[in-house]
Amino acid sequence: MTRFPLTWPSSRCLLVALMTAAVASCASSTPEPKSAKSANGERDTAIVHEPCEKDSAAAQKVDVNGDGTPDIIHVSKDGREVCRVVDLNLDGAIDAFIYYDGQGLERRRESDFDRDGRADEIAHYERGVVVLKERETNFDDKLDTWDYYEGPRLVRRERDSDGDGIIDQWWQFNNPNDAKCAVVASDQNADGKPDPNSVVDLCAESYGAPKAAAPPPSSAAPLAGDASAAPGQPGAAGAPAGAAVPAGAAPAASAPGAAGAAPAAGAAPAGSAPPPANAASQPADKKGP
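Bear in mind that the values here come from a model prediction, so they are computed numbers and not experimental data. (Residues numbered from 1 in each chain as written. Predicted model: local features only at pLDDT ≥ 70, side-chain atom pairs only at ≥ 80, totals over all residues. Heavy atoms only, no water.)

A. Geometry of the pairing of strand β3 (residues 80-86). Of the pairings in the sheet, the one linking strand β2 (residues 72-77) to β3 comprises six bridges and is antiparallel in character. Looking at the pairing, His74 lines up with Arg84 of β3. Between β2 and β3, which pair antiparallel in sequence order, lie two residues; one of them, Asp78, sits at a positive phi of approximately 55 degrees. Here β3 runs beside strand β4 (residues 96-100); their pairing, made up of four bridges, is antiparallel. The residue bridging Cys83 from the neighbouring strand is Tyr99, located in β4. (Pairing = 2+ DSSP bridges. Helix = DSSP H or I, 4+ residues; strand = E, 2+ residues; numbered from the N terminus.)

Okay, here's the thing in C-alpha cells:
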C-alpha cells in the first residue's frame, strides 16, 4: 500500500502560508483523515515475499521423486539453514517458503494454497510457535485477515471485509472446545469501532444452535397405568395414543374432577359410544357390544 507522509503540505496550506506567513504551523499540522473509519485499524495489505536464495550455487537441492525437478531446496548461510523451499505435492510448483531463526526454529512461513505462484498466507512464529497468520482470502492479492494465536489455539481475528485496508470485523473465539464458536462484531457505521448492535454469537441458539426440547404441559401428562400413551400425549383407557375418539365420548378418567368415580382401566364409561371399529386395541374376533 502506498502511503504519503502525513505532514506533506497541501496546496491550500501553502497558499495560507504565503498569505499569513504561518508556514511553520501549516507544515506541522496533520491533515484530517478521509473519514473517522480511516483513523483506526489501518493495515498494510501488501503481500511481501521475503528473499530466499534458492538459485544460489550453495543451495542444496533434493529431488524426491526423481523427475529432475528439485522438490526441497535448503538454503544455508554461515553454516546454518536460513530458509527452505518446499514442493509438498511434487507437482513442480512451490508450495511454501520456510524461514528459520538463529536457533534453527521456524520464524516465518509463506504458503501458496491455490498454486498461482503467490503467497496466500504468511505465518509468523516466536520460538517456533505460531503467533500470527496474515491471510488473503478473496483472491485480490491483498491481505484481508489477521489471525492471532495463543499456543496452538486461534483466539482472535481481525478482518478487512470490504478491501479498503481498514479493519471492520473483530472475532473472539470464546470456546476452547469448539474452534468454530466465535463472537463477531462489525463496524457498520464507519467509525472504526465495533458496533454493539452488530454482535453475533455463532454458537448461540438464535444463530442456528439446536434448542432444548420443551417439557410437556402438566395438563397433558399420560394417565397412570396407560403404557400405550406416548410421553406428553394423553390416551384413552384401553386404546393407544393417537386413536380417534368420537366427540362427546371422552372417557371420564380423562377429565380430572368429573363427578363420579373413574371406571376401571379398559372399561368404557356407561353410555359412551363404542370405540371405532378400526381401533388397534379391538380384538379381531370381537364385534362390539
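B. Inspection of the state of the cysteines at higher detail. The final tally for this structure, using the stated rule, is two disulfides. Paired through a disulfide, Cys52 and Cys83 show a sulfur-sulfur distance of 2.0 Å. Disulfide Cys52 to Cys83: torsion about the S-S bond roughly 90 degrees, handedness right-handed. In this pair, Cys52 is assigned in the loop between α2 (23-28) and β1 (60-62) and Cys83 in strand β3, connecting sequence segments 31 residues apart. With relative accessibility at 2%, the residue Cys83 sits in the buried group. Across the disulfide from Cys181 sits Cys203; the S-S distance is 2.0 Å. Judged by the sign of its S-S torsion, about -90 degrees, the cystine formed by Cys181 and Cys203 is left-handed. Placement of Cys181 in the loop between β10 (169-172) and β11 (183-186) and of Cys203 in the segment after β12 (200-201) is noted, with a sequence separation of 22 residues between them. (Disulfide = S-S within 2.5 Å. Buried < 20%, exposed > 50% of the residue type's maximum accessible area, 1.4 Å probe, protein only.)

C. Here's a closer look at unusual backbone geometry. Residue Asp78 is not a glycine yet carries a positive backbone phi of 55 degrees. Mapping Asp78 onto the fold places it in the loop between β2 and β3. The exposed category is assigned to Asp78, whose relative accessible area is 76%. Within the chain, Phe139 stands out as a residue other than glycine whose phi angle is a positive 60 degrees. Topologically, Phe139 is positioned in the loop between β7 (129-135) and β8 (145-150). Judged by relative accessible area, which is 64%, Phe139 ranks as exposed.

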